[in-house]
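Each chain, written out:
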Amino acid sequence: MELKAVKGMHDLFGPELERWAVVEEQARKVFSNFGYQEIRTPVLERLEVFSQTVGDETDIVQKQMYTVMGDESSEKLALRPEGTAAFMRSVIEHKLHQTGRPQRFYYYLSMFRHERPQKGRQRQFHQFGAELINDPSPEADAELIVLLDSFLRALTITEFEIRINSVGCNDCRPKYKELLKDYFRPHLASLCEECQKRFERSPLRILDCKKPGCRAIAEKAPRIVDNLDEACTAHHTQLKKRLTSAGITFVEDPSIVRGLDYYVRTAFEFTSNLLGAQSALAGGGRYDGLSARFNEPPFPAVGFGMGMERVMLVLEAKKALGDIVQVPLYYFAALGPAAFDILYPLSLSLKRRGVKVEMMYEQKKLKDLLKAADRSGARFTVMLGDRELEEGNVPLKNMKERTQENIPLGQLEEELFRRTTCV
Ligand code: HAM
């Protein structure tokens, strides 16, 4: 047996995982600021949770689910390919929607899709998702878009476009579907094989096809935003107004129809040119009727899912990872046992006060200590040997600027602590 992780799934450790942790922390902070509370659902759900909701014709349901046998041989379970359907199952099970009040949830979970792996596309990937239930207003949709925008900007990511569309509702979409079919019918032979299959049942998905031939035809197709009913038009207009007044720049993109079936009205994607073929950083929209697919009365809901791997790829592409990584602030290098006896308890004391310190516990030569300090990425190195102890002055080296200052030994802890509050 080859000892290798399963194709499309990856180990995370070391500096890479540390960078993830910084981004995760930022995400949790933004979600919390916007009033979203965490929810975690199990990794396995009954297959129907997804097959009844995501859509028979979608790639997820047709070919991407990992299934497992349940207790009864007839019972099939699936590894969660997306969070929304599982979230909805949980909401209904715990009657969270029955308060009637708007409620905000977020999750950070692994998702599993049996796709062909490529850059930005994995078989196990991680999604931050946000879901807001019991609020039908376009202001709720706008809030989610502003939240996502805030999160990306907090990470210094500005290289993205917000693409919005409306996919209408069960009243106006069927009429639009017929209109679309009338448009595509004469072009059927020129569409790709997949789009020809989509034509009958999911003509909207043709708008989403990335193949140049299909794209050229789809570009001239009637736009759904021109064929919405009055209520959907008003919702879409108000969303755009709210986004504009919040200072959000967006583009209207009629090709945003989403690869999942449950959306009504608002559909949106955040894309980035830094990502290559898999350009979607995040996607979401409104899914008011989803609960009905579990035979529950419908209630309003809106949300998004954001791919962590893709956020990390953007940070890597713009070489911003160094800026966001939390490195140990101080590296302590003790030359000899007397210096060690001072620096070791001092390192623990500072750690307990929340200061990042890294220290080599093994006795090493000066050359090796300097190398280790460099490698640690610390901003400052505290170097203490017998001579410094005698003089009562400790050199503090700024590793980036290559400068040095001396701190009186008796004031060392307070001086180091003070610096962490102003760097
Ligand atoms: P989705 O568009 O399928 O939506 O996925 C959301 C995001 O997950 C994508 O924009 C992308 O960043 C990331 N993603 C998807 N597939 C992969 C993959 N194979 N490898 C790496 N990243 C991937 C949903 O899943 C909906 N549940 C979003 C939602 C929440 N809508 C309403 N609420």
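The paragraphs below set out a description of the structure included in this document.

Helices and strands together make up the secondary structure of the chain, namely 16 helices and 16 strands. Reported as C-alpha extents along the three principal axes, the dimensions of the chain are approximately 90 × 55 × 50 Å. Taking all 423 residues of the chain together, the buried fraction comes to 50%. At a minimum sequence separation of 6, the contacts of the chain that also span at least 24 residues come to 69%. Accessible surface, the chain as shown: approximately 21500 Å² in total, 49% of it carbon and sulfur. Charge-centre separation for the chain: the mean point of 61 positive side chains lies 3 Å from the mean point of 60 negative side chains.

Next up on the list: the nonpolar core. Counting residues in each nonpolar core, the largest one holds 44 residues, and the members touching the most others are F31, I145, F151, F270, F304, V311 and L315. By residue number, the principal contributor to this core is helix α5 (residues 138–154), which donates 8 residues. With residues near it in sequence (within four places) discarded, F270 still touches I145, L148, D149, L152, F160, E161, I162, S279, A280, L281 and A282. F87, M111, A267 and F299 belong to the second-largest nonpolar core, a separate cluster that totals 31 residues.

What follows deals with the sheet that holds strand β4 (residues 76–79). One open sheet holds the 3 strands; their spatial order is β2-β4-β3, and the pairing between them is antiparallel. Looking at the sheet topology across the chains shown, the edges are occupied by β2 (44–46) and β3 (67–69). Geometrically, the sheet is characterised by an average inter-axis angle of 40° between neighbouring strands, direction not taken into account. Where β2 and β4 come together, 3 bridges link them in antiparallel fashion. Pairing of E45 across the sheet is with A78, part of β4.

Together, K365, K367, K371 and R375 give the surface a local cluster of positive charge. Within the secondary structure, K371 is located in helix α14 (residues 366–376). Taking the relative accessible area as the measure of exposure, K371 reaches 46% and is therefore partly exposed.

This next bit is on the environment of L370. Within the secondary structure layout, L370 lies in helix α14. For L370, a relative accessible area of 34% gives the class partly exposed. Separated by 39 residues in sequence, L370 and Y331 place their C-alpha atoms 9.7 Å apart. Among residues more than four places away in sequence, those in contact with L370 are M383 and K397.

Another point: the sheet that holds strand β11 (residues 301–307). Pairing in this open sheet of 8 strands is mixed, and the strands run β1-β5-β6-β11-β10-β9-β7-β8 from one edge to the other. Taken across any chain shown, the strands that pair with only one partner, and hence form the sheet edges, are β1 (37–38) and β8 (251–252). Relative to strand β6 (residues 124–133), strand β5 (residues 103–112) is paired through 10 bridges, and the arrangement is antiparallel. Within β6, the residue paired with F105 across the bridge is E131. Across the sheet, helix α1 (residues 14–33) is in contact with β1, β5, β6 and β11; its angle to β6 comes to roughly 5°. Lying over the sheet, helix α10 (residues 230–245) contacts β7 (161–166), β8, β9 (264–271) and β10 (280–286), oriented at roughly 160° with respect to β7.

It is worth spelling out the pairing of strand β12 (residues 330–334) at this point. Summarising burial for β12: 5 of the 5 residues are buried, a large majority. Summarising the sheet, β12 and strand β13 (residues 357–359) pair through 3 bridges and their orientation is parallel. Note on β13: the bridge partner recorded for Y331 is E358. The parallel pair β12 and β13 is bridged by helix α13 (residues 337–352), and the resulting crossover is right-handed. Relative to strand β14 (residues 380–384), β12 runs parallel, the two sharing 5 bridges. Across the sheet, the residue bridging to Y330 is F380, located in β14.

Bringing the side chain of S347 into the picture now. Mapped onto the elements of the fold, S347 is located in helix α13. Sequence-distant contacts of S347, defined by excluding residues within four places in its chain, comprise F332, V357 and M359.

Before going further, it helps to spend a moment on the packing of aromatic side chains. Using the criterion set out here, one finds 16 aromatic pairs in the structure. Aromatic side chains Y344 and Y361 sit 5.2 Å apart centroid to centroid with 80° between the ring planes, which places their arrangement in the edge-to-face category. Here the residue Y344 occupies a position in helix α13, and Y361 occupies one in the loop between β13 and α14, the gap between them amounting to 17 residues. Under the relative-accessibility criterion, Y344 is labelled partly exposed at 32%. Taking relative accessible area as the criterion, Y361 reaches 43% and is therefore assigned partly exposed. Members of the aromatic cluster, connected to one another through ring pairs, are F31, Y36, Y106, Y108, F128 and F304. A cation over a ring is seen here: K181 above F199, with NZ or CZ 5.9 Å from the ring centre. Across from the ring centre of F417, 3.9 Å away, lies the NZ or CZ of R353, which sits over that ring.

Basis of the calculations
Residues numbered from 1 in each chain as written. Predicted model: local features only at pLDDT ≥ 70, side-chain atom pairs only at ≥ 80, totals over all residues. Heavy atoms only, no water. Helix = DSSP H or I, 4+ residues; strand = E, 2+ residues; numbered from the N terminus. Buried < 20%, exposed > 50% of the residue type's maximum accessible area, 1.4 Å probe, protein only. Contact = heavy atoms within 4.5 Å. Areas by Shrake-Rupley, 256 points an atom, 1.4 Å probe, with all protein chains shown as cover. Lys, Arg positive; Asp, Glu negative; His and termini not counted. Charge placed at Lys NZ, Arg CZ, Asp CG, Glu CD. Core = buried A, V, L, I, M, F, W, Y, C linked by side-chain atoms within 4.5 Å. Pairing = 2+ DSSP bridges. Axes fitted to C-alpha atoms, helices over the stretch in contact; angles between N-to-C directions. Patch = residues over 30% accessible without salt bridge, like charges linked within 9 Å, V, L, I, M, F, W, Y side chains within 5 Å. Salt bridge = Lys/Arg side-chain N within 4 Å of Asp/Glu carboxyl O. Right-handed = clockwise from strand over helix to strand, strands pointing away. Phe/Tyr/Trp six-rings, centres within 6.5 Å; stacked < 30°, edge-to-face > 60°. Lys NZ or Arg CZ within 6 Å of the ring centre and 35° of its normal.

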